[in-house]
Amino acid sequence: MGHARHSTMQGFTLAEVMIALGITAMIGGLVWSSFSTTFKTQEVLESEAGIYRELRVGMGRLTRELSMAFISNNYDTARFRDNNDRPTFFNGERDTLSFTMFGHQRLARDAKESDQSAVYYKVDRDPEVQGQSSLLRCEKPVLDEYIDRCEQWEVLISDVRKLTLRYWDNVRNEWVDEWDTRRTELANKLPDRVGIELTAKDEKGKERSYFTQARINLVVSLDQATLGGSR
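Everything in this summary refers to the structure shown in the same document. Values in this document were obtained by computation on a predicted structure and should not be read as measured data.

**Section: the side chain of D169**
Take D169: it is sitting in strand 6 (residues 160–169). Relative accessible area serves as the criterion here: at 5%, D169 is assigned to the buried category. One polar contact links the side chain of D169 to the main-chain amide nitrogen of R172, over a distance of 3.2 Å. Within the structure, D169 has its side chain in polar contact with the side chain of K189 (distance 3.2 Å). Discounting chain neighbours no more than four positions away, the residues touching D169 are E174, V176, W179 and K189.

See below:
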């Protein structure tokens, strides 16, 4: 008499399945948490890099243009009758700065422009972000009698709280808070250096101050430099 052969199939109980799903979910959560932390760290680093890149480029542009500042007594005296109207100038205060320089770049081939221009810097309301102040720059490629006017302002460094400027007087051998070539005693002279302190927000929203100095290459008017050297 033959024996019947029985095969048995063993499966997972509901409890075992639930435990396995719980372990899988826990591992998935740990993996996601790790990736999420990595993504957040990457975002912070990219934000920090962007802030410092903008600061480096903006401060570099300001110091480079200051190094090319100049004034000249060679102008049309019939059109510009007194020193207050002279088309080349340097007007620096504690938080604003404007001057003529040699660094202008023509973007159009037939533009009636030279390498001379007037540039203006100030911290003011950001035209693109409501409730935020930024370091703004304006350039006027044609020198005229309206030295206090400039129309096309652009954001150079975003989210700036304060700009503090000082000017080195190499005769008095000290820092001064303002420099204006419309004053008789400074009519043909520029500061030897400009100290720049910029207060801006970092990647964590905290205010930080950044310092640099710009050295001006030509500290006397062009005609005096031609006669006896620039310093």
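Having put the structure on the table, let's press on.
**Description of the sheet that holds strand 1 (residues 90–92)**
If you trace the six strands from one edge of the open sheet to the other, you get 5-4-3-2-1-8, paired in antiparallel fashion. Taken across any chain shown, the strands that pair with only one partner, and hence form the sheet edges, are strand 5 (153–157) and strand 8 (179–180). Of the strand pairs in this sheet, strand 2 (residues 96–101) and strand 3 (residues 117–125) are connected by six bridges, and their pairing is antiparallel. Bridging across to strand 3, T96 finds its partner in K122.

**What to know about unusual backbone geometry**
You will see that D159, though not glycine, has its phi angle at about 55°, which is positive. Residue position: D159 is located in the loop between strand 5 and strand 6. With phi around 60°, N173 is a residue other than glycine that occupies positive phi space. Within the element layout of this structure, N173 appears in the loop between strand 6 and strand 7 (174–176). Looking at N173, the relative accessible area reads 55%, which means it is exposed.

**Here we look at a nonpolar patch on the surface**
A cluster of nonpolar side chains, I19, I23, M26, I27 and L30, forms an exposed patch at the surface whose accessible area comes to about 510 Å². As for its position among the elements, I27 is in helix 1 (residues 14–67).

**Describing the nonpolar core**
Core analysis: the largest hydrophobic core is formed by 35 residues, its most contacted members being L66, F90, L97, F99 and I196. Those elements that provide at least two residues to this core are helix 1, strand 2, strand 3, strand 5, strand 6, strand 9 (193–201) and strand 10 (207–215). Once residues within four sequence positions are removed from consideration, L66 is found in contact with F90, L97, F99, V194, I196, A214 and I216. In this structure, A118, L143, I147 and C150 belong to the second largest nonpolar core, which totals seven residues.

**Things to note about the pairing of strand 4 (residues 133–140)**
Each regular strand displays side chains that alternate between the two surfaces of the sheet. Buried residues dominate strand 4, accounting for seven of its eight residues. The pairing of strand 3 with strand 4 spans eight bridges and is antiparallel. For Y121, the partnering residue across the bridge sits in strand 4 and is R137. Here four bridges tie strand 4 to strand 5, and the two strands are oriented antiparallel to one another. Within strand 5, the residue paired with L135 across the bridge is I157.

**Things to note about the sheet that holds strand 7**
Strand order in this open sheet of four strands is 7-6-9-10, and the pairing throughout is antiparallel. One side of each edge strand has no neighbouring strand; the edge strands of this open sheet are strand 7 and strand 10. Neighbour-to-neighbour, the strand axes of the sheet open up by a mean angle of 25°, direction not taken into account. With nine bridges joining them, strand 9 and strand 10 adopt antiparallel strand pairing. Looking at strand 10, one finds that A200 is bridged to R208.

**With respect to the state of the cysteines**
Counted by the stated rule, this structure contains one disulfide. Each disulfide pairs two cysteine sulfurs, and for C138 the partner residue is C150, the sulfurs being separated by 1.9 Å. For the disulfide bridge between C138 and C150, the dihedral angle about the S-S bond is near -85°, and by the sign convention the bridge is left-handed. Within this pair, whereas C138 is found in strand 4, its partner C150 is found in the loop between strand 4 and strand 5, the two being separated by 12 residues in sequence. In terms of burial, C138 and C150 fall into one category: buried.

What counts and how
- Residues numbered from 1 in each chain as written.
- Predicted model: local features only at pLDDT ≥ 70, side-chain atom pairs only at ≥ 80, totals over all residues.
- Heavy atoms only, no water.
- Helix = DSSP H or I, 4+ residues; strand = E, 2+ residues; numbered from the N terminus.
- Buried < 20%, exposed > 50% of the residue type's maximum accessible area, 1.4 Å probe, protein only.
- Polar contact = N/O pair within 3.5 Å; in protein donor to acceptor, adjacent residues only side chain to side chain.
- Contact = heavy atoms within 4.5 Å.
- Pairing = 2+ DSSP bridges.
- Patch = residues over 30% accessible without salt bridge, like charges linked within 9 Å, V, L, I, M, F, W, Y side chains within 5 Å.
- Areas by Shrake-Rupley, 256 points an atom, 1.4 Å probe, with all protein chains shown as cover.
- Salt bridge = Lys/Arg side-chain N within 4 Å of Asp/Glu carboxyl O.
- Core = buried A, V, L, I, M, F, W, Y, C linked by side-chain atoms within 4.5 Å.
- Axes fitted to C-alpha atoms, helices over the stretch in contact; angles between N-to-C directions.
- Disulfide = S-S within 2.5 Å.

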